[in-house]
Amino acid sequence: ITMKNAFGSRINVFAYLLFILLYFPCVATLGAIYNEIGFRWALFSGFYTTFIAWIISTIFYQSATFFEHIGSSVFWILFAFSLASLFYFILRIKNKKRFKNI
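Note that the structure is a prediction, hence the values are computed from the model and not measured.

K.L.:
Looking at this structure, I do not really get the environment of tyrosine 23. What am I missing?
P.N.:
By the secondary structure assignment, tyrosine 23 is in the loop between α2 (10–22) and α3 (27–36). Take tyrosine 23: its relative accessible area is 36%, and that puts it in the partly exposed class. Each C-alpha atom, one on tyrosine 23 and one on serine 72, is 24 Å from the other, the two residues being 49 residues apart in sequence. If we skip the residues at most four places from it in the chain, tyrosine 23 touches Thr49, Thr50 and Ala53.

K.L.:
What is the right way to read α2 from this model?
P.N.:
Given 3.6 residues to a turn, an α-helix orients residues that are three or four positions apart in the same direction. For α2, with 13 residues, the first-to-last C-alpha span of 18 Å sits near the 18 Å given by 1.5 Å per residue. Those residues of α2 that fall on the buried side of the exposure criterion are Val13, Ala15 and Leu18.

K.L.:
What am I meant to see in the packing of aromatic side chains here?
P.N.:
Any aromatic ring pair is given by two values, namely how distant the centres are and how the planes are angled relative to each other. Enumeration over the complete set of coordinates arrives at 17 aromatic pairs. With centroids separated by 5.4 Å and ring planes inclined at 25°, the aromatic side chains of phenylalanine 19 and tyrosine 23 adopt a geometry described as stacked. Here phenylalanine 19 falls in the partly exposed class, since its relative accessible area comes to 23%. On the basis of an interplanar angle of 20° and a centroid distance of 5.5 Å, the ring pair of phenylalanine 44 and tyrosine 48 is categorised as stacked. In this pair, phenylalanine 44 and tyrosine 48 are both assigned in helix α4 (residues 39–64), four residues apart and thus about one turn of the helix distant. Look at phenylalanine 44 and you get partly exposed, because its relative accessible area is 26%. A residue is classified by how much of its surface remains accessible, and tyrosine 48, at 34% relative accessible area, is partly exposed. Put simply, the rings of Trp41, Phe44, Phe47, Tyr48, Phe51 and Phe87 pair up and form one aromatic cluster.

K.L.:
Explain the nonpolar core to me, please; I cannot follow it from the model alone.
P.N.:
Nonpolar side chains in soluble globular proteins tend to be buried together. Within the largest apolar cluster, five residues are counted, these being Phe51, Ile55, Ile59, Ala80 and Phe87. Going through the elements one at a time, α4 and α5 (70–100) are the ones with two or more residues in this core. With near-sequence residues (within four places) excluded, phenylalanine 87 lies in contact with Phe44, Phe47, Tyr48 and Phe51.

Reading the values: rules and limits
Residues numbered from 1 in each chain as written. Predicted model: local features only at pLDDT ≥ 70, side-chain atom pairs only at ≥ 80, totals over all residues. Heavy atoms only, no water. Helix = DSSP H or I, 4+ residues; strand = E, 2+ residues; numbered from the N terminus. Buried < 20%, exposed > 50% of the residue type's maximum accessible area, 1.4 Å probe, protein only. Contact = heavy atoms within 4.5 Å. Expected span 1.5 Å × (residues − 1). Phe/Tyr/Trp six-rings, centres within 6.5 Å; stacked < 30°, edge-to-face > 60°. Core = buried A, V, L, I, M, F, W, Y, C linked by side-chain atoms within 4.5 Å.

Now the structure itself:
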């Protein structure tokens, strides 16, 4: 059974592969981050990479199949960009607060 048969189309396969290549790091990497920096950074690393993988694969899939379901694609693309922007601004605010005290 090929991946195309299992997923239905090349677009589905490519979106899946994008997600798999970018998502949650291996446990050894998280263990190294935990030992070197701490639990919070290890947790952040796992969340951040999975979040980025979801955003990129969602935007790719919805862009590639845009004309098959325009309304749904517009919603998901805007939702993914909104989440990415919100996350970016939260990190900027946290960064400003952190270095303001130094």
